[in-house]
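A closer look at the structure
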Amino acid sequence: MRKSIPAAAALALGAFPLAALPASAADGTYTANLTQLNDSGVTSTAMATLDGNTLDISIESQGLLAGSPHAQHIHIGGMGQCPSNDDEGSGADGALQVSDAADQYGMIGASLTTEGDTSPDSGLAVDRFPVGDDSYQRSFEVSDDVAAAIEDGTAVVVLHGVDQNGSGEYDGEVMSDLDDSLPEEATNPAACGVLTAGQMTEMPGGGVETGGGSTAGMEEAGLAALGGTLLVGGAGLGLLAARRRTADERS
Ligand SMILES: [Cu+2]
């Protein structure tokens, strides 16, 4: 029956990426679900693999100020957590500045530049960061400290640059606490997420609601990963059933 083909196809489309994932998190694979700071409206996902000191990281974001560069870093040496979107800081109208959150997410351990140097020295190399919501992917060598922080679960991905006053560009009266030649909008944190061991927990097609908030902890991530594993099993069974049904109907 032709009628069943769309259902089987939809199931296959939805199930295939899940079925392709390993049943348990592979060693050296990390995910960060970044949530907004400073009411930026930004959401982002970072996926990374660490092999020795070689980090391969990709970042997909939505809601960053278009046409402007966004500094992005792996922060280390803090508490390994993100501030809350509600936290107030020392910027205009209580905007959270970089230093306001440093005790939580730490200092810059690596600069996620598009080319060239990736050390903390390039923390504000604005001509070598993605613009707007540009996708990011790069493989490079990180320091021992950064590698250790990633393995410890205390490495935090932070995206910077928030148009706090809605002017469409980085401006305003208050200057950056990192570089007083830049407006704070250029460096204020826009999104933050802790790199956590395991595969991406957000299911394609929204099959699982992870309920992750800005302070999603290890327990929650673990539960979500468990849910993902169960879903993979279920989807795999469903896919088999669909194939069998289709085959029966064709014969
Ligand atoms: Cu940063």
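Now for a quick tour of the structure. (Residues numbered from 1 in each chain as written. Predicted model: local features only at pLDDT ≥ 70, side-chain atom pairs only at ≥ 80, totals over all residues. Heavy atoms only, no water.)

1. A short note on a negative patch on the surface
Taken together, the side chains of Asp39, Asp86, Asp87, Glu88 and Asp93 make up a negatively charged region of the molecular surface. Of note, Asp86 is situated in the loop between β4 (72–76) and α2 (102–105). (Patch = residues over 30% accessible without salt bridge, like charges linked within 9 Å, V, L, I, M, F, W, Y side chains within 5 Å. Areas by Shrake-Rupley, 256 points an atom, 1.4 Å probe, with all protein chains shown as cover. Salt bridge = Lys/Arg side-chain N within 4 Å of Asp/Glu carboxyl O. Lys, Arg positive; Asp, Glu negative; His and termini not counted. Charge placed at Lys NZ, Arg CZ, Asp CG, Glu CD. Helix = DSSP H or I, 4+ residues; strand = E, 2+ residues; numbered from the N terminus.)

2. Quick notes on the coordination of the copper ion
In this structure, His73 (ND1), His75 (NE2) and His160 (NE2) serve as the protein donors to the copper ion, at separations of 1.9 Å. Sequence spacing among the residues donating to the copper ion works out to H-x1-H-x84-H. In this structure, His73 and His75 share a single accessibility class: buried. (Donors = N, O, S within 2.8 Å, 3.2 Å for Na, K, Ca; no water. Buried < 20%, exposed > 50% of the residue type's maximum accessible area, 1.4 Å probe, protein only.)

3. Digging into the nonpolar core
Counting residues in each nonpolar core, the largest one holds 29 residues, and the members touching the most others are Leu55, Ile57, Ile74, Ile150 and Val157. Going through the elements one at a time, β1 (29–36), β2 (43–51), β3 (54–62), β4, β6 (136–141), α3 (144–152), β7 (156–160) and β8 (189–194) are the ones with two or more residues in this core. Counting residues in each nonpolar core, the second largest holds ten residues, with Leu37, Leu96, Val156 and Cys192 among its members. (Core = buried A, V, L, I, M, F, W, Y, C linked by side-chain atoms within 4.5 Å.)

4. Comments concerning the side chain of Gln72
Topologically, Gln72 is positioned in strand β4. Dropping the residues within four chain positions of it, Gln72 is found in contact with Ile59, Ala110, Ser111, Leu112, Phe129, Pro130, Tyr136, Val158, Leu159 and His160. (Contact = heavy atoms within 4.5 Å.)

5. Quick notes on the state of the cysteines
According to the stated counting rule, one finds one disulfide in the structure shown. A disulfide bridge connects Cys82 with Cys192, and the sulfur atoms are separated by 2.0 Å. Looking along the S-S bond of the Cys82-Cys192 disulfide, the torsion reads about -85 degrees, which is the left-handed sense. Note that Cys82 is positioned in the loop between β4 and α2 and Cys192 in strand β8, a separation of 110 residues in sequence. (Disulfide = S-S within 2.5 Å.)

6. Considering unusual backbone geometry
In this structure, Asn38 takes a positive phi of about 55 degrees despite not being glycine. Structurally, Asn38 can be placed in the loop between β1 and β2. A positive phi angle is found at Asp93, which is not glycine, with a value near 55 degrees. Of note, Asp93 is situated in the loop between β4 and α2.

7. Things to note about the side chain of Gln104
When you line up the elements, Gln104 lands in helix α2. Excluding residues that lie within four positions of it along the chain, Gln104 makes contacts with Gly78, Met79, Gly80, Gln81, Cys82, Pro83 and Asp87.

8. Overview of the environment of Ser176
Mapped onto the elements, Ser176 comes out in the loop between β7 and α4 (184–187). Note: C-alpha distance between Ser176 and Gln97 (79 residues apart in sequence) is 7.5 Å. Once residues within four sequence positions are removed from consideration, Ser176 is found in contact with Gln97, Leu182, Pro183, Glu184 and Thr187. Within the structure, Ser176 has its side chain in polar contact with the backbone nitrogen of Asp179 (distance 3.3 Å). (Polar contact = N/O pair within 3.5 Å; in protein donor to acceptor, adjacent residues only side chain to side chain.)

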